[in-house]
There are 2 protein chains.
Amino acid sequence: MDAAEFRRRGREMVDYVADYLENIEQRPVYPDLEPGYLRSLIPSEAPLEPESYEDVMKDVERVIMPGITHWHSPYFFAYFPAASSYPAMLADMLCGAIGCIGFSWGTASEATLISLLAARCKAIRRVQATNPEISEAEVLSKLVAYTSEQAHSSVERAALIGGVMMRKVPTDKTYAVGGHMLKQMVEEDKAAGFIPFYFCATLGTTPSCAFDHTTELGPICNDENMWMHIDAAYAGSAFICPEFRPLLNGIEFADSFNFNPHKWLLVNFDCSAMWVKKRTDIIGAFKMEPLYLKHENQESGLVTDYRHWQIPLGRRFRSLKLWFVFRMYGLKGLQAHIRKQVALAKEFESLVRADKRFEICAEVIMGLVCFRLKGSNELNQNLLKKITKSQEIHLVPCQLSGRFVLRFAICARTTESRHIQQAWRHITQLTFELLQEPSH
Amino acid sequence: MDAAEFRRRGREMVDYVADYLENIEQRPVYPDLEPGYLRSLIPSEAPLEPESYEDVMKDVERVIMPGITHWHSPYFFAYFPAASSYPAMLADMLCGAIGCIGFSWGTASEATLISLLAARCKAIRRVQATNPEISEAEVLSKLVAYTSEQAHSSVERAALIGGVMMRKVPTDKTYAVGGHMLKQMVEEDKAAGFIPFYFCATLGTTPSCAFDHTTELGPICNDENMWMHIDAAYAGSAFICPEFRPLLNGIEFADSFNFNPHKWLLVNFDCSAMWVKKRTDIIGAFKMEPLYLKHENQESGLVTDYRHWQIPLGRRFRSLKLWFVFRMYGLKGLQAHIRKQVALAKEFESLVRADKRFEICAEVIMGLVCFRLKGSNELNQNLLKKITKSQEIHLVPCQLSGRFVLRFAICARTTESRHIQQAWRHITQLTFELLQEPSH
């Protein structure tokens, strides 16, 4: 394909993309296919001769689309949002063309790991500074990290990778960690000869969007020489709105902070933003200087070599997407997006509260509503099965205090009040059918 | 920006991209700017009101382009190729539109880390199975990993992250690791009470594209219960050509293998492909199962949950790019690309060999030529400084047996014989000027 054909095919693709997104709600949000369906539809080997572009595009509809979960359907309410916007897509086209290889991480999971590894390195150095005879392996075997029992699985995984213990801190009635709970565990572990070195606080947990009490937790971490990382992967985007800023109080105690613009700030996946209070803490844990990566400005201080801040060496030119989106929406436009989605969540919450068969399971602070049918977990599992089977809307469950709960997250940029109303009509219809069944 | 405007702007962007790539060689391949130049050209805050798309695009040329190193200029010969092709770009447009979040790694660095962590987990379990009394921390303190002194910095970094010792194995005259060198170090370490558990072989090293002798190394690793990972990040793409397949002999001994289609297989960054002999070895080291990520097919065996194979939870829909490129080029087209670039390297090699002032520093096997002026490192450093300053071509150095060597890598898809000839004329001209200088 030469530039001339790319000009033609590119125009076609732009129209295909626009058509896809304009008509996305006509597609079943969730695929009705068995995993592995693809195997029989595609050859087992790459073609020897080039094929025509038309054939490839035909197969996009025939082969690919039937298996897609449409994350940008206004009827997608699962997980958390995956950002998308036209300016970001245009930026990605340019990013692909420039195709330069930057030297930063991709996701919140990596940010958590990076912060834990930096904290581990710092703790080992601190302990060895006061007891030169103790080996690195011995310190490692005593280190303890902490996070909420409600924290994302990637936090536990970071400890697994880092080879350190991770203790889960129990949460209060709001599913958030308070200072006294952490303090108590730290004291116990110190008494048992362990070395507390890291706490990952969550602002906006995945199950219920709970906010750990960082104003209580921060001073404890600082007093105990524990690194405090704040994972605000989803909720972080909301802090562009002054009314949500109080939830950020306590950040002054944090050593690192991360949020994902690719979740809620209209920047296509992947784009994760991390701040570190003392960059030398991170660089110290990773710096490598092979000659083929040396450059003139290395020592000048003019350059921040992000390759020392991350696991991969390379990264895509992600900042271009942020830049397009910030400029094309403006702060007001981005604030309007956040506020609209929070309002839609409140609208759904009021629909649930008005129906006595249901209960709200956690305070609705942002764009997530946790709800369930009053009754057994089995009843709610069956309701979710019906919802998934019907393919009209898509949502996933979570567990709160041992109860099976449905998570209704406002995701697509294009979700409007009518979609919320329709989703609720659909849920109540399925509930009616469910409660008719003899088993209930 | 609505769909209607996206259709218009998208067409414009397609033309901008085509124009950029068609005229890329008119741009200085390397920027003539001080790092930080951008700060004065952009506001310190995001705009309050949306701006016009025209203004953004104007600034792409005014603000962004002057700072870009044009990785796809036919005069770019640095590092290794960063793949790019029109079909891959079209696929990326579609990928951005679908915007689904897959749950696999990005780069070879991550693949190396994943394999090392899996090997660490396997080794600890094996040792503890025979000596139940030994603690995980104690095993960890005895584990030793090995790799070539010529291996990529990311291998050493993986050991740093994994908290295990990494020993550098010396290389032979071809800058490759042979069996006896590894065997000797392993025996020494075992005698000293350490536990060898991992070896990362390189097929196509970064400095000189050397190939470790995996047919000798593989059996040693298998006998010693050491995990053998093969990093073929760059050279791996060449194995689609039968004539290069012999370099892959010994792969049957490997536990894991990785190469980067985003380097040499016309798939835009990022796209890295990893194979594992026993998937349970990887999954065992990472598996996490929060309820919000559970799904029906989890236990059915129909689904391969790649999120258990990697550090990030999410990934972009990268396979789409591979699929477009495989189909639009066909195996023949991809083989032709590899063979053409190898031929261009041979052409450059013969130009260097014909000039008695220069020497070739390593066998030219693929698309990389390592060369230098006969004489001091300082002389060659000065030559590279002149090359960089002139901005006409871009290349980076490496160190081979203590000597400062210039790396000439065939990178851009569009590099032709005339670019090689022009690059050599340019290098010899600068050499002539350099040797005129009184200092020499």
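Our structure is the block above this text.
Since this is a predicted model, take the numbers as computed values, not measurements.

### Structural notes on the packing of aromatic side chains
All names here are of chain A.
At step 1: For the structure on display, the rule yields 26 aromatic pairs over all chains.
At step 2: When the centroid spacing of 4.5 Å and the interplanar angle of 20° are considered together, the rings of Tyr-234 and Trp-264 count as stacked. Separated by 30 residues along the polypeptide, Tyr-234 in the loop between strand E4 (227-231) and strand E5 (256-259) and Trp-264 in helix H9 (residues 261-264) bring together distant segments of the chain. With respect to class, Tyr-234 is no different from Trp-264; both count as buried.
At step 3: Put simply, the rings of Phe-348, Phe-358, Phe-371, Phe-408 and Trp-424 touch in pairs and so form one group of aromatic residues.

### A few points about the pairing of strand E1 (residues 143-148) of chain B
Side chains on a regular strand alternate between the two faces of the sheet.
All names here are of chain B.
At step 1: Counting buried residues in E1 gives 6 out of 6 residues, a clear majority hidden from the surface.
At step 2: Where E1 and strand E3 (residues 195-202) come together, 5 bridges link them in parallel fashion. Within E3, the residue paired with Leu-143 across the bridge is Ile-195.
At step 3: Where E1 and strand E2 (residues 165-169) come together, 5 bridges link them in parallel fashion. The residue bridging Ala-145 from the neighbouring strand is Met-166, located in E2.

### As for the sheet that holds strand E1 (residues 143-148) of chain A
Residues and elements named next belong to chain A.
At step 1: Spatial strand order, E2-E1-E3-E4-E5-E6: 6 strands in an open sheet with mixed pairing. With one partner strand each, in any of the chains shown, strand E2 (165-169) and strand E6 (273-276) form the two edges of the open sheet. Taking the axes of each pair of neighbouring strands and ignoring which way they run, one obtains an average angle of 20° across the sheet.
At step 2: Pairing analysis gives 4 bridges linking E5 to E6, with the strands arranged antiparallel.

### Some thoughts on the environment of Arg403(A)
Residue and element names in this part refer to chain A.
At step 1: Summarising the element assignment, Arg-403 is placed in strand E10 (residues 403-409).
At step 2: On the basis of relative accessible area, Arg-403 is assigned to the partly exposed category, the value being 28%.
At step 3: Along the backbone, Arg-403 and Glu-392 are 11 residues apart, and their C-alpha atoms lie at a distance of 25 Å.
At step 4: Not counting the four nearest positions on each side in its chain, Arg-403 is found in contact with Glu-359, Cys-361, Arg-372, Asn-377 and Cys-398.
At step 5: At a separation of 3.3 Å, a polar atom in the side chain of Arg-403 contacts the side chain of Glu-359.

Definitions and cut-offs
Residues numbered from 1 in each chain as written. Chains lettered and ligands numbered in written order. Predicted model: local features only at pLDDT ≥ 70, side-chain atom pairs only at ≥ 80, totals over all residues. Heavy atoms only, no water. Phe/Tyr/Trp six-rings, centres within 6.5 Å; stacked < 30°, edge-to-face > 60°. Helix = DSSP H or I, 4+ residues; strand = E, 2+ residues; numbered from the N terminus. Buried < 20%, exposed > 50% of the residue type's maximum accessible area, 1.4 Å probe, protein only. Pairing = 2+ DSSP bridges. Axes fitted to C-alpha atoms, helices over the stretch in contact; angles between N-to-C directions. Contact = heavy atoms within 4.5 Å. Polar contact = N/O pair within 3.5 Å; in protein donor to acceptor, adjacent residues only side chain to side chain.

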